[in-house]
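Okay, here's what each chain looks like letter by letter:
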Amino acid sequence: MRPFLYSRAMTLEQAMSEAAQSHAAIMAGGTTLVDLMRGDLAGAEHVIDIGHLPGLAKVELDGPVLRFGALARMADVAELPFLKQNYPALVESLQLAASQQIRNAATLGGNLLQRTRCVYFRDGVSDCNKRVPGSGCAALDGEDREMALFGTSDRCVATYPGDWGTALAAFDTSVEISSASGTKTVKFADFHVAYGDDPARESILQPGEIVTAILVQATPAGRHSTYVKVRDRQSYAYAVTSAAVALELDGDRVTAARVSVGGVASKPWRAPAAEAALVGKVLNEAVALDAGKAAFADARPLRHNGFKIDLGARTVARAAMVAKGKH
Amino acid sequence: MDINMGNGGIGEPVVRRDAMAKALGLAQYAADFPHENTAYAALTLSKVARGRISRLDTAAAEAVAGVRLVLTHRSLNESLGDETFVMKGGHMQSSFLPLSSDEIHYAGQIVSLTIADTQEAAEEAARLVAIDYTTEPASASIDDAGLTEEPADSGIDVGDAEAAFAAAEVKVDATYLTPAQHHNPIELYAAAAAWRDGKLLINLPSQWVMGTRAGLAKVFGIPVEDVQVESPYVGGAFGAKASILPHVVLVAMAARRLGRPVKLVVPREAGFTVGSFRPAARSRVRLAATREGKLTAVMHDEVGQSAVIDHVAFPGMEATSKMYASPNIRMRSATVATDVNTPGFMRAPAEAPSFFGFESAMDELAVSLGIDPVELRIMNEPARDPVSGLPWSSRSLVECYRRGAALFGWSARNAKPGSMVAADGTLIGYGCATATYPSAMAPSSARVRLAADGSCVVYCAAHDVGTGAYTVLGQVAADVLGVPDELVTVEMGHSRHPSGPVSGGSITTGSAGSAVHMAARAVRERLFATVAGGQDRTKMTLADRHVVLPDGSRRAISDIIGGLPGGVIEEQADWKPTDMDDKTMRQGLAGGMAFAGPVGETHVSFSFGAQFAEVRIDPLLRTIRVARMVGVFACGRIINPRTARSNLMGGMIWGASSALLEQSQVDRARGRFANTDLASYHFAANADIGEVVVEMLDEHDSVVNAIGAKAVGEVGIVGVPAAIANAVYHATGVRVRKTPILMEDLL
Ligand SMILES: Cc1cc2nc3c(=O)[nH]c(=O)nc-3n(C[C@H](O)[C@H](O)[C@H](O)COP(=O)(O)OP(=O)(O)OC[C@H]3O[C@@H](n4cnc5c(N)ncnc54)[C@H](O)[C@@H]3O)c2cc1C
Ligand code: SF4
């Protein structure tokens, strides 16, 4: 293992200034970072532990905004009664992720920045533009069942694996980022970046910037929301496909809809075409499946992941029907 | 049979002797043993699958503070004894030893071992070993173009199966695929070696301490007595920890060079290529029957993945040819050599892959005939082994099916595919399949010591790989000597003990158990002889720590033994299967591979089981869940129903995992295994397994061995993948002829 320096930040300011140095890495729960370091994938020479900084773990309703402190633990947030009742999609995306032990340690902020599960990225050996820019992409002629349909490039076809991020994409979400130069808020849709020429870059976060909160605009659609995760194993596995759907309903008629899909894209992926296919319709299974198909109309399949177009459409359909049934 | 039913004796569900030690974390596994002044090792693995090392630069690695040795093909530069591959009579997992040359035969081959004062420094140095390769194209899949099939043996022929098949009224001809799989025991491969005065002590998780000892003695050119192998606990093995893996030799080598103990724990991803694996296989099954359902031809053509560096084959035909009565049988097996680490034994190595195809084909035949699949099997039950014509030592498969069908509620099955649907639309499928496993035996020694206080110690160099052998072997002794279970201690997993067999092929209970039985009886004989005083010894019994004499009087064991010099009675026995000659027995006891059975001179001995599965399939998303399984088994005498049940249940769970999840994905472009970690190599989680019901029939087999125990360890996995595939067909009408069965197969 590469030698590294570990320091525990005493204040946010200290963390921000230390994190601005090269080869520095923020550690929150450490469930992703330590894994990456063990595989020599993080390039971290200085680990700055912010896990214990005070004040960053709160979840509160701040006027029309749900504010999730970046250090709130997945397990704790998944148990909040207010959230369970009003935003089941968010709670389910947390409950269906990882394992209880990992959720006990993992934070909401760190969750957004987890890295792809592409086996070629993880193996530390194969050609991978994400790990070694310019080296190539082994997935292009290798195992690609797990790979993405959206937001890919000829340099990288890996998926963003997170469930929480996918669910957030179905809401009006933004990310609060703090650095020595102040605090800013960016739209969640702009926080992660689809792959272009440089798939090593996955978010807009710059050295020295720390995610301090995730902000979700309160919405009545939260009550009629759900997160459906389809996976090979019934627990403790990443999504093959997933979908979050949030609805506003007038009787059985959809008046507003938000749809996002997971396991199929390079970043948390909103599906506006599916939303359009739902709005104004009396929601039934056929309408739901049409919306699912709309979500995948622009999908770009590889050799072995084409089934995700069909499965993904069905996943959206199931989520829409479950969301409708929630109250 | 003269086995008493005693306190904690044979047939009782005694709780595992090692349970508390394991639960409390007190059990010491190989990597837990402290050797003073240990140096730590780390591996560097080949990035390419085939070629040569063209440049090797270890300067940066050697410069890491605390690094003591960088072992590469250049610095090893020493030929190591002439020990051979396990399939050629030796003990090595492969005939190729990494670092013996600059050649690369498979991806993930060990290309250096770095040793340092700390684990961190060793790992850092391993990362800095700089290697360039010249590469050649490689194949890690049997489906790659340009590979040829080589016949693996002469096959089995009874009658004229081709002709019978051609003439048949109803037939099935289908091909089934099973993938490569890796054992992934939770306890990683490890080795800790220490040399003292030219003698080697090695701690490693082992299923074969005697074989490892014999092999390492040969590798290092030292007398067998100068090697000790210690492996008291094994955290899962499944066949992976029997033969000597290459890192073991390298670690011992490094320890000798440094004059200092060296320890290596092989990381999970490295285990995929440092150890062995279950090779991919393809089964073509042809079955023919009369309209009434009588089989007229059974044909099975198997193709298995082998390695360029070693020829290995695990055909299942010895078992599949014996399943059903058919006048015409034709079995063939072939292999395809690929650029991989040598495949090896993995739980039911021959049976698990071959039965997926064979028992799926039986289901397809049942569908074609319109006959219930349970009834089809019962109709074709053979009275004798259809190949050798010999009688079975015992075979209760029909009883297993009848009991299993009742337990499962098979009669509620509507045979029409897709006809059983739950209220919420979930598709329900019922499937069944046969399981079998040969009951082979190996010679074993054991020593039993009885002390005046009634305490009893059993010594045997067998192994408890998590299966319950500590408990079961103690029960055999307790039973013969009439001592309560709490007073029994069992010492195993060390080569200083009397020789025990390899823990492979489901032989431990039958073989080591027979040796313990023999040694315990010898102790009892001495006890009786001591008190005999003219009374008839054959009329004496043992109960409650007393000898009961023919006249009804009782003598306390404590008095009898207390009066003896040394205060103990201790006897060692060397047991061998009836059909085995003395020479083979001696080879076996010296750490060689010496098996007898399952086909003996007078009988054929297999364990059998009938397995049932219910799957539930989401009608939209097509996810498959195993709601419940039932397995009814006939394995002869069950020494301990608790541990036997747990074994069989574990096998069934693995079978479900194999049916729906497990596969080592092959990156064919680069000739390597792709999913080499537990995040992407999926096996069942608790949530994947519903109810599992296991029953063992009360079967009496007076032929198989001294204690009447047949194979338990592996039979549980064998039929489940086919039972699940058959249930998937029943639920959906879709026949999937490969494992794992994934949701996309049903879209
Ligand atoms: C075995 C396993 C299974 C998993 N399964 C799932 C799953 O099914 N679904 C799923 O969604 N996730 C899954 N995960 C991922 C898990 O949810 C993440 O590892 C976790 O949420 C990361 O949070 P953390 O606090 O531990 O992050 P850390 O490991 O501490 O950090 C992760 C990354 O984010 C950066 N970082 C952390 N906090 C901040 C911050 N406030 N500001 C800026 N940068 C920051 C770190 O530098 C690092 O690069 C799994 C993880 C494991 C290990
Ligand atoms: S898909 Fe992306 S992460 Fe995977 S190998 Fe290609 S570049 Fe690397």
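Since we're looking at a predicted model, the values are computed, not measured.

A. Quick peek at the overall build of chain A. Counting secondary structure elements, chain A contains 13 helices and 12 strands. Computed over C-alpha atoms, the radius of gyration of chain A comes to 19 Å, within 12% of the 20 Å expected from 2.2 N^0.38 for 327 residues, which places it in the range of a compact globule. Burial statistics for chain A: of 327 residues in total, 55% are counted as buried. Contacts in chain A between residues far apart in sequence, at least 24 positions, make up 64% of those at least 6 positions apart. Looking at chain A as shown, the accessible area adds up to about 12,900 Å², and 52% of this sits on carbon and sulfur atoms. Within chain A, one finds 35 positive and 35 negative side-chain charges whose respective centroids are separated by 3 Å.

B. How the structure looks around the domain arrangement of chain B. Residue and element names in this part refer to chain B. Domain annotation for chain B reports domain 1 (19–23 + 443–589), domain 2 (37–137 + 186–237 + 241–272) and domain 3 (348–439 + 600–746). Just the C-alpha atoms count here: the centres of domain 1 and domain 3 sit 36 Å apart. Contacts between the two partners involve 16 residues from domain 1 and, on the opposite side, 16 residues from domain 3. Interface of domain 1 and domain 3: buried area, both sides summed, is about 1,200 Å²; carbon and sulfur atoms make up 54% of it. Looking only at domain 1, the three residues that lose the most surface to domain 3 are Thr467, Ser506 and Asp579, adding up to 39% of its buried area. Connecting domain 1 to domain 3 are six residue pairs in polar contact (both at pLDDT 80 or more). Listed by contribution, the elements that provide at least two residues to the side of domain 1 that touches domain 3 are helix 13 (469–481) and helix 14 (508–532). No other element matches helix 14, which puts five residues into the side of domain 1 that touches domain 3. Considering only residue class, the side of domain 1 that touches domain 3 consists of three nonpolar, 12 polar and one charged.

C. Representation of the nonpolar core within the structure. Residues and elements named next belong to chain B. Leu287, Leu365, Phe612 and Ile724 are the most contacted members of the largest nonpolar core, which totals 96 residues. No other element matches helix 10 (residues 351–369), which puts nine residues into this core. With 50 residues, the next largest nonpolar core counts Tyr233, Met441, Ala519 and Ala573 among its residues.

D. Just the pairing of strand 8 (residues 210–217) of chain A, in detail. Residue and element names in this part refer to chain A. Taking burial as the measure, the eight residues of strand 8 include seven buried ones, the bulk of the element. Of the pairings in the sheet, the one linking strand 5 (residues 65–69) to strand 8 comprises five bridges and is antiparallel in character. Along strand 8, the bridge assignment pairs Gly69 with Ala213. One ladder, built from six bridges, connects strand 6 (residues 173–179) with strand 8; its direction is antiparallel. Pairing of Ser174 across the sheet is with Leu215, part of strand 8.

E. Quick peek at the sheet that holds strand 19 (residues 456–459) of chain B. Residue and element names in this part refer to chain B. Taken in spatial order, the four strands line up as 20-19-18-24 in an open sheet, and their pairing is mixed. Single-partner strands in this sheet number two, and they are strand 20 (488–491) and strand 24 (568–575). Pairwise comparison of adjacent strand axes, ignoring direction, gives a mean angle of 15° for this sheet. Two strands pair when backbone bridges link them, and strand 18 (residues 444–451) and strand 24 are joined in this way by eight bridges, in the antiparallel orientation.

F. Just the confidence of the model for chain B, in detail. Residues and elements named next belong to chain B. Taken as a whole, chain B shows an average pLDDT of 96; of its residues, 99% reach a score of 70 or greater. Note that pLDDT drops below 50 for residues 1–6; the model gives that stretch 18 contacts with residues more than four away or on any other chain. Prediction confidence for the complex, expressed as pTM and ipTM, is 0.97 and 0.96 respectively.

G. View of the interface of chain A and chain B. Contacts between the two partners involve 32 residues from chain A, matched on the other side by 34 residues from chain B. Counting each side, the surface lost to burial between chain A and chain B is near 3,000 Å², with a carbon and sulfur contribution of 54%. Taken together, the links from chain A to chain B amount to five salt bridges. Every element with two or more residues in the side of chain A that touches chain B is listed here: helix 8 (119–122), strand 9 (224–230) and helix 13 (307–325) of chain A. It is helix 13 of chain A that provides the largest number of residues to the side of chain A that touches chain B, a total of seven residues. Of the residues that constitute the side of chain A that touches chain B, the class distribution is 13 nonpolar, five polar and 14 charged.

Criteria and cut-off values
- Residues numbered from 1 in each chain as written.
- Chains lettered and ligands numbered in written order.
- Predicted model: local features only at pLDDT ≥ 70, side-chain atom pairs only at ≥ 80, totals over all residues.
- Heavy atoms only, no water.
- Helix = DSSP H or I, 4+ residues; strand = E, 2+ residues; numbered from the N terminus.
- Rg over C-alpha atoms; globule rule 2.2 N^0.38 Å.
- Buried < 20%, exposed > 50% of the residue type's maximum accessible area, 1.4 Å probe, protein only.
- Contact = heavy atoms within 4.5 Å.
- Areas by Shrake-Rupley, 256 points an atom, 1.4 Å probe, with all protein chains shown as cover.
- Lys, Arg positive; Asp, Glu negative; His and termini not counted.
- Charge placed at Lys NZ, Arg CZ, Asp CG, Glu CD.
- Domains from an automatic or database assignment.
- Buried area = accessible area lost by both parts, 1.4 Å probe.
- Polar contact = N/O pair within 3.5 Å; in protein donor to acceptor, adjacent residues only side chain to side chain.
- Nonpolar A, V, L, I, M, F, W, Y, C, P; charged D, E, K, R; others polar.
- Core = buried A, V, L, I, M, F, W, Y, C linked by side-chain atoms within 4.5 Å.
- Pairing = 2+ DSSP bridges.
- Axes fitted to C-alpha atoms, helices over the stretch in contact; angles between N-to-C directions.
- pLDDT = per-residue confidence, 0-100.
- Salt bridge = Lys/Arg side-chain N within 4 Å of Asp/Glu carboxyl O.

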